[in-house]
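If you want the building blocks of each chain, they are given just below.
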Amino acid sequence: MKRFCNVLCCLLAAILFALPLGVSARAADCGAKLLAITYDDGPGKDTGYLLDELAARGVKATFFVNGENASYYPEILKRIVDEGHQLANHTYHHKNLNTLSSGSISSEISSVQTLITAAGGSDTAYIRPPYGNANSTVKAAATAPLISWSVDPLDWKYRNRDTVCKNIINGSYDGAIILVHDIHQTSVYGSLDAIDQLLDAGYEFVTVEELLLRRGITPQPGTIYYDAKNKGVNLSAEEISPEYYDESKLTEHWGYDAMQLCLERGYLQYGMNGEWYPNHCVTRGEFAMALGKFCGVFGAYQSPVGNPFSDVAELDERTPYILWINDSSLMCGYDSRFRPDDNITREEIATVLARYLLMTGRTSAAGDEALSLYSDRENISDWAREGVATCTDCGILQGGATGFLPKDNLTRAQTAAILQRLANR
Ligand code: NI
């Protein structure tokens, strides 16, 4: 314990600084479970491999290509068409179309349409506006149907093959449109794993065009389609993702002040386009980085013992903070894995924060009696009881009307509120 404290003190000291729609097609569909998987932003270096693997499974997909990438891979575009997939339009520069003039929107779309036509694809290729953003100007400028999605595995965020696979499988249902990005190798592998399991479960993979056709939906230019339920246009944004939040209303969010503090100080990161994502869950890696930055750890941190984790990459911006939090014994891994992409649970956060508060002498450990106000206290893991009690006792974490909910995750706004409370201690 003494040696451990010395190491800790050193560390803490060091860081202070195409079927036609007809009766036969409809009848043939009885009982069929259909899915449309869509690949965005490519082609990329792994798209050729992906096409090989889709062909081996007899699976048809839809590729919403980015113009800048598509211009580098004309032979891949031809393969997409020749092998029976649907080649579709994700605009040339991947801009937020809601911010562009009607003329600029048309040119973003038509420049990719030219590449699609040259590859032998449809002359009115379906369009997916970047970020799903399509205001009335975008809808009016669109010369083809606009295709959104109903299953979002957040593959760009997790970059983990198993997580991508699990999220696709958990979200899938008959008629769903699945969003993945073939520019990430983890998404290519994870989606193929999911396809194998969903094929085994009796699903059939078809292009978006065929999905809509077989469900009797005749897509119209300028209309957004999310899936093939009802008329395909009824899904609200909230139904697409429980993490969704209308960012135009950020100032009304209960966690606005805390999030502003944490984003400005760099404890939390903005999204690629400045999004706050207040309702997104926080991963273990993201939390390690937030607490590390809060404690003044630098991105140049080097572990004296190296990287013991098989699932923590050297070139990941979270890595220095993950190694620091492990070296500090504030948060540890499981065998040789840190599980950086898993969402952190409330009891995990309580344990880490209690260790931090005790190590820095800001509080003393509380006993089990502090848990008496939680109706679900029996659900708290044994290893987490002291942490939850300590954080409860000093007011850093609180439960709600339904208890402490130890296995629940924390959103970015909730994490920001905790860091704000820590900062004020
Ligand atoms: Ni995109």
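The structure contained in this document is the topic of the report that follows.

So, how was this worked out
- Residues numbered from 1 in each chain as written.
- Predicted model: local features only at pLDDT ≥ 70, side-chain atom pairs only at ≥ 80, totals over all residues.
- Heavy atoms only, no water.
- Helix = DSSP H or I, 4+ residues; strand = E, 2+ residues; numbered from the N terminus.
- Buried < 20%, exposed > 50% of the residue type's maximum accessible area, 1.4 Å probe, protein only.
- Areas by Shrake-Rupley, 256 points an atom, 1.4 Å probe, with all protein chains shown as cover.
- Expected span 1.5 Å × (residues − 1).
- Contact = heavy atoms within 4.5 Å.
- Axes fitted to C-alpha atoms, helices over the stretch in contact; angles between N-to-C directions.
- Parallel < 35°, antiparallel > 145°, perpendicular 65-115°, else oblique.
- Nonpolar A, V, L, I, M, F, W, Y, C, P; charged D, E, K, R; others polar.
- Donors = N, O, S within 2.8 Å, 3.2 Å for Na, K, Ca; no water.
- Salt bridge = Lys/Arg side-chain N within 4 Å of Asp/Glu carboxyl O.
- Core = buried A, V, L, I, M, F, W, Y, C linked by side-chain atoms within 4.5 Å.
- Pairing = 2+ DSSP bridges.
- Arc of directions from axis to C-beta.

**Re the overall build of the protein**
Okay, so step 1: Assigned secondary structure in the protein consists of 18 helices and 7 strands.
Okay, so step 2: Taken over the C-alpha atoms alone, the protein extends approximately 75 × 45 × 45 Å along its principal axes.
Okay, so step 3: A total of 425 residues make up the protein; the buried ones form 51% of that total.
Okay, so step 4: Here the protein displays about 19,000 Å² of accessible surface, and carbon together with sulfur accounts for 51% of that area.

**Description of helix α16 (residues 346–359)**
Okay, so step 1: Helix length check: α16, at 14 residues, gives a terminal C-alpha distance of 20 Å against a target of 20 Å (1.5 Å per residue), a fit within 8%.
Okay, so step 2: Counting buried residues along α16, 11 of its 14 residues qualify, which places the element largely inside the surrounding structure.
Okay, so step 3: Here α16 has its buried residues at Arg 346, Glu 347, Glu 348, Ile 349, Ala 350, Thr 351, Val 352, Leu 353, Ala 354, Tyr 356 and Leu 357.
Okay, so step 4: Lining the buried residues of α16 we find α14 (284–294), α15 (319–327), α17 (385–393) and α18 (412–423).
Okay, so step 5: In the segment just after α16, Gly 361 is the residue with positive phi, at about 65°.

**What to know about the packing of α14 against α15**
A pair of packed helices is captured by two measures, namely the crossing angle of their axes and the spacing between those axes.
Okay, so step 1: Relative to each other, α14 and α15 sit at 80°, their axes nearing to 8 Å. Between α14 and α15, the interaxial angle falls into the category roughly perpendicular. Every residue of α15 that contacts α14 at Gly 285, Ala 288, Met 289, Leu 291, Gly 292 and Lys 293 is listed here: Tyr 321, Ile 322, Trp 324 and Ile 325.
Okay, so step 2: Here the contact of α14 with α15 is built from residues that sort into 7 nonpolar, 2 polar and 1 charged.

**Some thoughts on the coordination of the nickel ion**
Okay, so step 1: Protein-derived ligands of the nickel ion are Asp 41 (OD), His 90 (NE2) and His 94 (NE2), with the metal-ligand distances lying across 2.0 to 2.2 Å.
Okay, so step 2: When the donors of the nickel ion are listed by position in the chain, the intervening gaps give D-x48-H-x3-H. Of this pair, Asp 41 sits in the loop between β1 (33–40) and α3 (47–57) while His 90 sits in the loop between β3 (86–89) and α6 (102–118), placing them 49 residues apart in sequence.
Okay, so step 3: Residue class for His 90 comes out buried when judged on its relative accessible area of 2%.

**Let's talk about the pattern of salt bridges**
Okay, so step 1: Using the criterion set out here, one finds 19 salt bridges in the structure.
Okay, so step 2: For Arg 128, the salt bridge goes to Asp 40, with nearest N and O atoms at 2.7 Å. With Arg 128 in the loop between α6 and α7 (136–141) and Asp 40 in strand β1, the pair connects residues that are 88 residues apart, well separated along the chain.
Okay, so step 3: Residue Asp 40 is classed as buried on the basis of its relative accessible area of 2%.
Okay, so step 4: One salt bridge in this structure joins Arg 161 and Asp 193, with 2.7 Å as the shortest N-O distance. Placement of the pair is Arg 161 in helix α9 (residues 161–171) and Asp 193 in helix α10 (residues 185–200), with a sequence separation of 32 residues.
Okay, so step 5: Look at Arg 161 and you get partly exposed, because its relative accessible area is 38%.

**Side note on the nonpolar core**
Okay, so step 1: If you look at the biggest cluster of nonpolar residues, it comprises 56 residues, and the most contacted ones within it are Phe 287, Leu 291, Ile 325, Leu 353 and Leu 422.
Okay, so step 2: Going through the elements one at a time, α13 (256–264), α14, α15, α16, α17 and α18 are the ones with two or more residues in this core.
Okay, so step 3: Of all the elements, α16 adds the most residues to this core, at 7 residues.
Okay, so step 4: Excluding residues that lie within four positions of it along the chain, Ile 325 makes contacts with Ala 288, Leu 291, Leu 330, Met 331, Phe 338 and Val 352.
Okay, so step 5: Leu 54, Val 65, Val 151 and Ala 176 belong to the second-largest nonpolar core, a separate cluster that totals 33 residues.

**Considerations on the pairing of strand β5 (residues 176–181)**
Okay, so step 1: β5 sits mainly inside the fold: 6 of its 6 residues count as buried.
Okay, so step 2: Covered by surrounding structure in β5 are Ala 176, Ile 178 and Val 180 together with Ile 177, Leu 179 and His 181, the residues of both alternating faces.
Okay, so step 3: As paired strands, β1 and β5 are joined by 6 bridges and run parallel to one another. Among the inter-strand pairings, Thr 38 is bridged to a residue of β5, identified as Leu 179.

**Observations concerning the packing of α13 against α18**
Okay, so step 1: Running from N to C, α13 and α18 cross one another at 80°; their axes reach a closest spacing of 8 Å. On the basis of the axis angle, α13 is roughly perpendicular to α18. Along its contact with α13, which presents Asp 257, Ala 258, Met 259, Leu 261, Cys 262 and Leu 263, the element α18 presents Arg 412, Ala 413, Ala 416, Ala 417, Leu 419 and Gln 420.

**So, α6**
Okay, so step 1: Helix length check: α6, at 17 residues, gives a terminal C-alpha distance of 24 Å against a target of 24 Å (1.5 Å per residue), a fit within 8%.
Okay, so step 2: Buried within α6 we find Ile 105, Glu 108, Ile 109, Val 112, Gln 113 and Ile 116. Down the axis of α6, the sector holding all buried residues measures 125°, keeping them to one side. Residues of α6 that are exposed and point more than 90 degrees away from the buried face comprise Thr 114 and Ala 118.
Okay, so step 3: Among the residues trailing α6, Gly 120 stands out with phi positive, at a value near 95°.

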